[in-house]
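Structural features, examined
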Amino acid sequence: MSSMPDEYGPQHPNAPAVLGHTLDDLIAAAEHELLCRNGEVARQKTEIRRLKRRRRRARRRVLRRQLARTVRPALGITLGVCGLIAFIAGFIAFFMGSDRTDDWFTIGVTAWGAAAVFRFERRP
């Protein structure tokens, strides 16, 4: 009398859930769970790649801004000095009677025009 009746079988509330499934059902469930986990792992890897890419872009953005803040004034000053040297060379060529005077003045004006584009600006 201590045995379960056949009408309840493995579906009895006190019976383990494994008894109600065949081995193929258990294998299929394990494969399904593995596929779900693999999909989750793939999504996590994609998210990690996206976050790393975002961090690299942010770091590069900061480096570009710092580089631009240091190079722009230096380039403007350098072009201004080059323009000054070209004007001095143009005056020397003018006093010596050289026919290349206009070339030196053109170089000086061009350098100063380019220096005006890269002028020094104070930004916070």
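Here we summarise the structure given alongside this text. (Residues numbered from 1 in each chain as written. Predicted model: local features only at pLDDT ≥ 70, side-chain atom pairs only at ≥ 80, totals over all residues. Heavy atoms only, no water.)

1. So, the overall build of the protein chain
When you go through the protein chain residue by residue, the secondary structure sums to 2 helices and 0 strands. Evaluated residue by residue, the protein chain yields a buried proportion of 10% over its 124 residues. Taking all contacts inside the protein chain whose residues are at least 6 apart in sequence as the whole, residues at least 24 apart take part in 52%. Accessible surface for the protein chain amounts to roughly 10,800 Å². Of this, 63% is attributable to carbon and sulfur atoms. (Helix = DSSP H or I, 4+ residues; strand = E, 2+ residues; numbered from the N terminus. Buried < 20%, exposed > 50% of the residue type's maximum accessible area, 1.4 Å probe, protein only. Contact = heavy atoms within 4.5 Å. Areas by Shrake-Rupley, 256 points an atom, 1.4 Å probe, with all protein chains shown as cover.)

2. Observations regarding helix α2 (residues 101-117)
Since one α-helical turn is 3.6 residues long, residues separated by three or four positions face the same way. Here α2 contains 17 residues, and its C-alpha end-to-end distance of 25 Å stays within 8% of the 24 Å for a straight helix at 1.5 Å per residue. Among the residues of α2, those classed as buried are T101, G108, A111 and A115. End-on view of α2: buried residues confined to an arc of 100°, all on one side of the axis. Along α2, the residues that are exposed and aim more than 90 degrees away from the buried face are V109, T110 and V117. On its buried face, α2 is in contact with α1 (23-96). (Expected span 1.5 Å × (residues − 1). Arc of directions from axis to C-beta.)

3. With respect to the packing of α1 against α2
Orientation of α1 relative to α2, taken along the N-to-C sense of each, is 165°, at an axis distance of 7 Å. The orientation of α1 relative to α2 falls into the category roughly antiparallel. Between α1 and α2 lies a crossing whose hand is left-handed. Among the residues making up the contact of α1 with α2, the classes are represented as 18 nonpolar, 6 polar and 1 charged. (Axes fitted to C-alpha atoms, helices over the stretch in contact; angles between N-to-C directions. Parallel < 35°, antiparallel > 145°, perpendicular 65-115°, else oblique. Left-handed = near helix turned anticlockwise from the far one by under 90°. Nonpolar A, V, L, I, M, F, W, Y, C, P; charged D, E, K, R; others polar.)

4. A short note on the pattern of salt bridges
In total, this model carries 4 salt bridges according to the counting rule given. One salt bridge in this structure joins E33 and R37, with 2.7 Å as the shortest N-O distance. Highlighted residues: E33 and R37, both in helix α1, separated by 4 residues, approximately one helical turn. Classification of E33 by relative accessible area gives partly exposed; the value is 40%. (Salt bridge = Lys/Arg side-chain N within 4 Å of Asp/Glu carboxyl O.)

5. Considering the packing of aromatic side chains
One pass over the full model with this rule turns up 4 aromatic pairs. Taken together, the ring pairs connect F87, F91, F105 and W112 into an aromatic cluster. (Phe/Tyr/Trp six-rings, centres within 6.5 Å; stacked < 30°, edge-to-face > 60°.)

6. What to know about the side chain of T101
Examined against the element boundaries, T101 turns out to sit in helix α2. Contact partners of T101, with chain neighbours within four places excluded, come to G90, A93 and F94.

7. Points about the environment of D102
If you trace the backbone, D102 turns up in helix α2. C-alpha of D102 to C-alpha of G90: the two residues are 12 residues apart in sequence and 7.2 Å apart in space.

Spatial relationships are all this shows, so hold off on functional conclusions.
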